[in-house]
Amino acid sequence: MELIPLTLGLGLLLTLGGLAGLGFGIYALGWGGRGQRGGVGPISERGIHAVAGLRMLVGGAVALILGMSVIWSYFSA
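Residues numbered from 1 in each chain as written. Predicted model: local features only at pLDDT ≥ 70, side-chain atom pairs only at ≥ 80, totals over all residues. Heavy atoms only, no water.

When its secondary structure is counted, the protein shows 2 helices and 2 strands. The helix and strand sequence of the protein, counted from the amino end, reads α-β-β-α. Burial statistics for the protein: of 77 residues in total, 19% are counted as buried. Once local pairs closer than 6 in sequence are excluded, the contacts in the protein between residues at least 24 apart make up 68%. Summed over its atoms, the accessible surface of the protein is roughly 5700 Å², and 74% of this surface lies on carbon and sulfur atoms. (Helix = DSSP H or I, 4+ residues; strand = E, 2+ residues; numbered from the N terminus. Buried < 20%, exposed > 50% of the residue type's maximum accessible area, 1.4 Å probe, protein only. Contact = heavy atoms within 4.5 Å. Areas by Shrake-Rupley, 256 points an atom, 1.4 Å probe, with all protein chains shown as cover.)

And the structure:
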């Protein structure tokens, strides 16, 4: 039984991390901060979740694209 090669493992890790980031980003944009009051200074709790959700969507998309390209390069070589 062989171990998973490092390149394939890295690609899978990036892909799963990207999917998790996209999922959390969608959750933060859709449901985060509802029914909560307060926040940090002039920014409401909902606004904080909107900024965090957008950052997670972008980071998740980048990680997903990188992971898929690493997996693609592993199988095409």
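After that view, the rundown keeps rolling.
Taking 1.5 Å per residue, 32 residues should reach 46 Å; helix H2 (residues 45–76) reaches 46 Å between its end C-alpha atoms and fits that length. Those residues of H2 that are buried are in contact with helix H1 (6–30). (Expected span 1.5 Å × (residues − 1).)

Moving on, we come to the packing of aromatic side chains. The tally for this structure, following the rule as stated, stands at 1 aromatic pair. Pairing Tyr74 with Phe75 gives two aromatic rings, centres 5.0 Å apart and planes at 75°, and the pair type is edge-to-face. You can call Tyr74 partly exposed: its relative accessible area is 29%. (Phe/Tyr/Trp six-rings, centres within 6.5 Å; stacked < 30°, edge-to-face > 60°.)

Before going further, it helps to examine the confidence of the model for the protein. Mean pLDDT over the protein stands at 88; residues scoring 70 or higher make up 90%. Mean pLDDT values for the elements of the protein range from 64 in strand E1 (residues 39–40) up to 95 in H1. (pLDDT = per-residue confidence, 0-100.)

Side chains of Val58, Val62 and Leu66 sit close together on the surface and give an oily, nonpolar patch of about 260 Å² of accessible area. Relative to the elements of secondary structure, Val62 occurs in helix H2. For Val62, a relative accessible area of 46% puts it in the partly exposed group. (Patch = residues over 30% accessible without salt bridge, like charges linked within 9 Å, V, L, I, M, F, W, Y side chains within 5 Å. Salt bridge = Lys/Arg side-chain N within 4 Å of Asp/Glu carboxyl O.)

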